[in-house]
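Next come the chains, spelled out residue by residue.
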Amino acid sequence: MLAFILQRLIQAVIVMVTVAFIAFLLFQYVGDPVVFLLGQDATKEQIDLLRADLGLDQPFFVQFGHFLVNAVQGEFGLSLRQGAKVSRLIAERLPATLELAMVAASLALVIGIPMGVYAALRRGTWASQLIMTVSLLGVSLPTFLIGILLILVFAVMLGWFPSFGRGDVVQMGWWSSGLMTAKGWHHIVLPAVTLAIFQLTLIMRLVRAEMLEVLRTDYIKFARARGLSNRAIHFGHALKNTLVPVMTITGLQLGGLIAFAIITETVFQWPGMGLLFIQAVTFADIPVMAAYLCLIALIFVVINLIVDLLYFVVDPRLRVGKPGGH
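Residues numbered from 1 in each chain as written. Predicted model: local features only at pLDDT ≥ 70, side-chain atom pairs only at ≥ 80, totals over all residues. Heavy atoms only, no water.

### A closer look at the overall build of the chain
- Across its full length, the chain holds 13 helices and two strands.
- Along the first, second and third principal axes, the C-alpha set of the chain runs to 85 × 60 × 35 Å.
- Out of the 326 residues belonging to the chain, those deemed buried represent 41%.
- Nonlocal contacts in the chain, meaning residues at least 24 apart in sequence, comprise 71% of its contacts between residues at least 6 apart.
- Accessible surface, the chain: about 17800 Å² in total, of which carbon and sulfur atoms supply 69%.
- Of the charged side chains in the chain, 22 are positive and 17 negative; the average position of the first set lies 20 Å away from that of the second. (Helix = DSSP H or I, 4+ residues; strand = E, 2+ residues; numbered from the N terminus. Buried < 20%, exposed > 50% of the residue type's maximum accessible area, 1.4 Å probe, protein only. Contact = heavy atoms within 4.5 Å. Areas by Shrake-Rupley, 256 points an atom, 1.4 Å probe, with all protein chains shown as cover. Lys, Arg positive; Asp, Glu negative; His and termini not counted. Charge placed at Lys NZ, Arg CZ, Asp CG, Glu CD.)

Right under this line is the structure:
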């Protein structure tokens, strides 16, 4: 286990450095941030002076080296657009994105797994067919269209939910939470549902497919021959083994919810990291863009490590190094 963790940590460092390098390399062609800051009417002397002050006149690898050293210390430099520390900007936006992603992931799991189990156990019924048909819409429709439709129906026509913003928040140190207020929950419903629909339908279809596959295995037939009840077979044996591949998808999708919440945050003007990244792209704010991508890469690496470790807990076949194991 220790060797496995050390190997993954080394891989994580390689991934993080690679992502940072690619991000910096690509952002050299996004645009000139000095032009955005000074405008088109700036003289060459003003441009050269600002470029020197920001360190943009140094070679690429020197800039990249400075970024890596500062990133290890939790500092990503100053935002070229806002003139504030990038770490502070991300810390201000991170709680909103994490809360939105966690609520969406909870909805996807709480609704998707039971619906997938029901569709597998009641295969062929009209309710199961309806669930599978609706799931195709959830997988096929793009997120921005789902968000716009929800705003049109529930915010504009019915007026049940607000269409933008985060609502009232409670400040707890550096962390701000909208889940502590009624208005916060009122504002998070539409963006969370928008973000959860694709993951919900994906988890539901995966659970159904895996459940049907497990129910055809020999040990399930043996359990039936022993006279075990359907409840014990379905939930004590089949569902437990079904959740092993679901854990992989859930872990990846949780990282995806955080990384790809950009569209949802833009549609609902949710004050999270995704909206900050879009604004940074507009103004070629390289430190913010690079820091965002590095943070997302770190989140994916940590989630994948946690999922891999959970395999050892859920699936005893992977504990081959355990004394007395087989």
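### Quick word on the pattern of salt bridges
- Applying the stated criterion across every chain yields a total of two salt bridges.
- R88 is the partner of E92 in a salt bridge, and the nearest nitrogen-oxygen pair spans 2.6 Å. One end of the pair, E92, and the other, R88, are both in helix 5 (residues 86–121), four residues apart, so they sit about a helical turn from each other.
- Note that R166 is salt-bridged to E99, the shortest N-O span being 3.1 Å. You can see R166 sitting in the loop between helix 7 (143–157) and strand 1 (170–172) and its partner E99 sitting in helix 5, a full 67 residues away along the chain.
- R166 gets classed as buried once you look at its relative accessible area, which sits at 9%.
- Under the relative-accessibility criterion, E99 is labelled buried at 7%. (Salt bridge = Lys/Arg side-chain N within 4 Å of Asp/Glu carboxyl O.)

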